[in-house]
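Residues per chain, in single letters:
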Amino acid sequence: MLRLASRAAVHMKTCSSSSCFKALPALCRCATLAVGMHTAAALSTPRLGSRTFAAAAAPARLGDSLHSIDTPSLIVDLDVFERNCLKLKSAMEAYPVSIRPHAKAHKCPQLAQLQLQLLGPSAVGVCCQKVTEAEAMVAGGVRDVLLSNEVVAPYKITRLVALAAQGARVSVVVDTLQPLEQLAATAQEWGTSVDVLVEINAGQDRCGVDTADEAAQLAEHTSRLSSQQNGSVNFAGIQAYHGGLQHVRDPQQRAAAVQAVVDRAAAAVDAISSTAGLKCCVVTGGGSGTYPLEAGSGVFTEVQPGSFAFGDADYAKNMQLAGQQGEWQQSLWVLTQVMSVSAARACVVVDAGLKALSLDSGPPVLLEQPNVAAGLVAPPPGSSSSAGSQQKHKLPEVSFEGVEFQNGGDEHGKLMWPQ
């Protein structure tokens with residue numbers, strides 16, 4: 001089992017374990033780790049017609065074993081997912097601040113709905129990073145979406161406005177006049193309205209206005225367009241998000257860096273109030289690594305954590321104030337199958353390569369001692385105990401100490417044992 005270093009992790013369907021590497025080939029043939037998921041899924045026999053077998057077969061169905069899931073596959077441990085959501089809900093009870101979980105990590109309206117349900121009344125909607133994500137959320141029943149990124153292309157602006165015309169509450173960030181004016185004109189044409197947040201450059205030097213005065217000018221222009229075009233755009237507030245701070249390891253350094261973001265946001269709020277005479281009802285930002293700092297700042301009204309629900313190997317390296325490492329449990333995994341074993345090279349090849357895993361934040365890491373964590377493996381499909389339930393087999397003792405994942409190409413990954 002591997003845990004992704006950036007956004008997801010890897011669940012190994014490998015069964016590769018033995019205190020002696022020579023035991024790996026037999027183990028790989030017979031075992032699949034039982035991991036305590038809610039339910040797993042499997043292939044069913046399709047009816048073949050004009051479509052191919054693969055096109056007719058579902059990759060997974062509820063109630064079947066991990067053995068039958070096509071690989072590589074992305075799997076969510078819903079027990080852990082729910083615990084992470086409830087942990088965030090509990091942590092946020094100390095602050096009079098809303099939660100708007102970011103959906104870019106999963107792009108799945110079903111998971112978004114579950115998050116909103118678990119997070120309770122403080123969860124006001126979701127963030128999306130692309131118009132296509134927002135469309136998926138609204139189609140899946142999520143009625144309040146913030147497009148936390150600039151939308152510039154006219155056809156994308158039209159698609160975004162169409163979501164508001166369907167009855168969804170839609171917000172979007174802006175940092176320049178042209179797309180703002182295009183948004184106002186399109187919304188007026190469609191007979192609807194979109195909320196606008198001015199994006200502040202929080203120090204990451206990507207999108208966003210650079211000064212508080214620029215923020216006030218853009219807010220004032222938004223208000224003017226609202227008066228001129230029948231409320232097609234409404235000034236709602238600002239966004240000040242710094243993604244790079246989410247992975248600052250030291251908690252004191254993280255807090256100091258976030259304070260600089262808070263100061264920029266506060267300066268923009270003050271300028272918008274004093275210069276434009278407008279109130280920032282929404283000040284949104286923060287993420288899974290910094291959310292309590294923004295929430296406790298007295299400036300932010302909303303936080304946008306996203307990865308918290310899944311965890312990942314990079315977030316797990318963040319130190320917390322109490323001294324522990326990591327805040328969130330891992331719930332998102334990639335299930336991968338052993339393809340080949342070489343005792344001579346002390347290497348196992350799996351079918352999860354660069355098309356299944358990202359290496360931008362480092363390689364995936366193995367789940368700590370999966371034979372100890374899982375303890376049991378499910379039998380191959382078709383076998384059962386005399387009572388009709390799945391027979392369970394003990395894993396042989398295996399040492400994963402020092403095992404590393406190495407890139408093997410687009411479709412291959414390599415687990416290397418130390419020699």
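The structure we're discussing is the one just above.
All figures in this text were calculated on a predicted structure; none of them were measured in a lab.

## Things to note about a negative patch on the surface
Taken together, the side chains of Asp205, Asp210, Asp213 and Glu214 make up a negatively charged region of the molecular surface. On the secondary structure map, Asp213 appears in helix H8 (residues 212-228).

## Here we look at the state of the cysteines
Counted according to the given criterion, the structure contains 0 disulfides. Of all cysteine sulfurs in the structure, the one in Cys281 sits closest to Cys280, which takes part in no disulfide; the separation is 7.9 Å.

## A short note on the sheet that holds strand S11 (residues 282-285)
Reading across from one edge, S5-S12-S11-S10-S9-S8-S7-S6 is the order of the 8 strands in this open sheet, with parallel pairing throughout. Whereas interior strands pair on both sides, the edge strands pair on one side only; in this sheet they are strand S5 (98-99) and strand S6 (126-128). Where strand S9 (residues 194-199) lies against strand S10 (residues 233-239), 6 bridges are found, and the strand directions are parallel. Bridge pairing in S10 links Asp195 to Asn234.

## A short note on helix H4 (residues 109-119)
Along an α-helix, residues three or four positions apart point the same way, because every turn accommodates 3.6 residues. The buried fraction of H4 amounts to 8 of the 11 residues, a majority that puts the element mostly inside the structure. Taken as a whole, H4 has its buried residues at Pro109, Leu111, Ala112, Leu114, Gln115, Leu116, Leu118 and Leu119. On its buried face, H4 sits against strand S4 (73-76), helix H3 (78-92), S5, S6 and helix H5 (131-139).

## A word on the packing of helix H6 (residues 154-165) against helix H7 (residues 177-190)
One can describe the packing of H6 onto H7 by two numbers: an axis separation of 9 Å at closest approach and a directional angle of 45°. Judged by the inter-axis angle, H6 sits oblique to H7. H6 and H7 meet at a crossing whose hand is right-handed. Counting all contacts with H6, which are made through Pro154, Ile157, Thr158, Val161, Ala162 and Ala165, the residues of H7 involved are Pro179, Gln182, Leu183, Thr186, Ala187 and Trp190. Each residue belonging to the contact of H6 with H7 can be placed in one class, and the counts come to 9 nonpolar, 3 polar and no charged.

## Some remarks on the environment of Pro72
Tracing the backbone through its elements, the reader meets Pro72 in the loop between helix H2 (53-56) and S4. Among the residues examined, Pro72 registers a relative accessible area of 37% and is labelled partly exposed. Apart from the residues within four sequence positions on either side, Pro72 is in contact with Val334, Leu335, Asp351, Ala352 and Ala356.

## Brief notes about the pairing of strand S7 (residues 144-147)
On S7, burial covers both faces: Asp144 and Leu146 on one face and Val145 and Leu147 on the other are all buried. One ladder, built from 3 bridges, connects S6 with S7; its direction is parallel. Pairing of Cys128 across the sheet is with Leu147, part of S7. Between the parallel pair S6 and S7, the chain is carried across by H5, and the sense of this crossover is right-handed. Between S7 and its parallel partner strand S8 (residues 169-174), the chain crosses via H6, and the hand of that crossover is right-handed.

## Details of the side chain of His242
If you trace the backbone, His242 turns up in the loop between S10 and helix H9 (251-276). At a separation of 3.5 Å, a polar atom in the side chain of His242 contacts the main-chain amide nitrogen of Gln204. When near neighbours in sequence (up to four residues on either side) are disregarded, His242 contacts Ala202, Gly203, Gln204 and Val261.

## Observations concerning the environment of Glu150
Residue position: Glu150 is located in the loop between S7 and H6. With 24 residues separating them in the primary sequence, Glu150 and Val174 have C-alpha atoms 5.5 Å apart.

Conventions and cut-offs
- Residues numbered from 1 in each chain as written.
- Predicted model: local features only at pLDDT ≥ 70, side-chain atom pairs only at ≥ 80, totals over all residues.
- Heavy atoms only, no water.
- Patch = residues over 30% accessible without salt bridge, like charges linked within 9 Å, V, L, I, M, F, W, Y side chains within 5 Å.
- Areas by Shrake-Rupley, 256 points an atom, 1.4 Å probe, with all protein chains shown as cover.
- Salt bridge = Lys/Arg side-chain N within 4 Å of Asp/Glu carboxyl O.
- Lys, Arg positive; Asp, Glu negative; His and termini not counted.
- Charge placed at Lys NZ, Arg CZ, Asp CG, Glu CD.
- Helix = DSSP H or I, 4+ residues; strand = E, 2+ residues; numbered from the N terminus.
- Disulfide = S-S within 2.5 Å.
- Pairing = 2+ DSSP bridges.
- Buried < 20%, exposed > 50% of the residue type's maximum accessible area, 1.4 Å probe, protein only.
- Contact = heavy atoms within 4.5 Å.
- Axes fitted to C-alpha atoms, helices over the stretch in contact; angles between N-to-C directions.
- Parallel < 35°, antiparallel > 145°, perpendicular 65-115°, else oblique.
- Left-handed = near helix turned anticlockwise from the far one by under 90°.
- Nonpolar A, V, L, I, M, F, W, Y, C, P; charged D, E, K, R; others polar.
- Right-handed = clockwise from strand over helix to strand, strands pointing away.
- Polar contact = N/O pair within 3.5 Å; in protein donor to acceptor, adjacent residues only side chain to side chain.

Geometric values such as these leave the question of function open.
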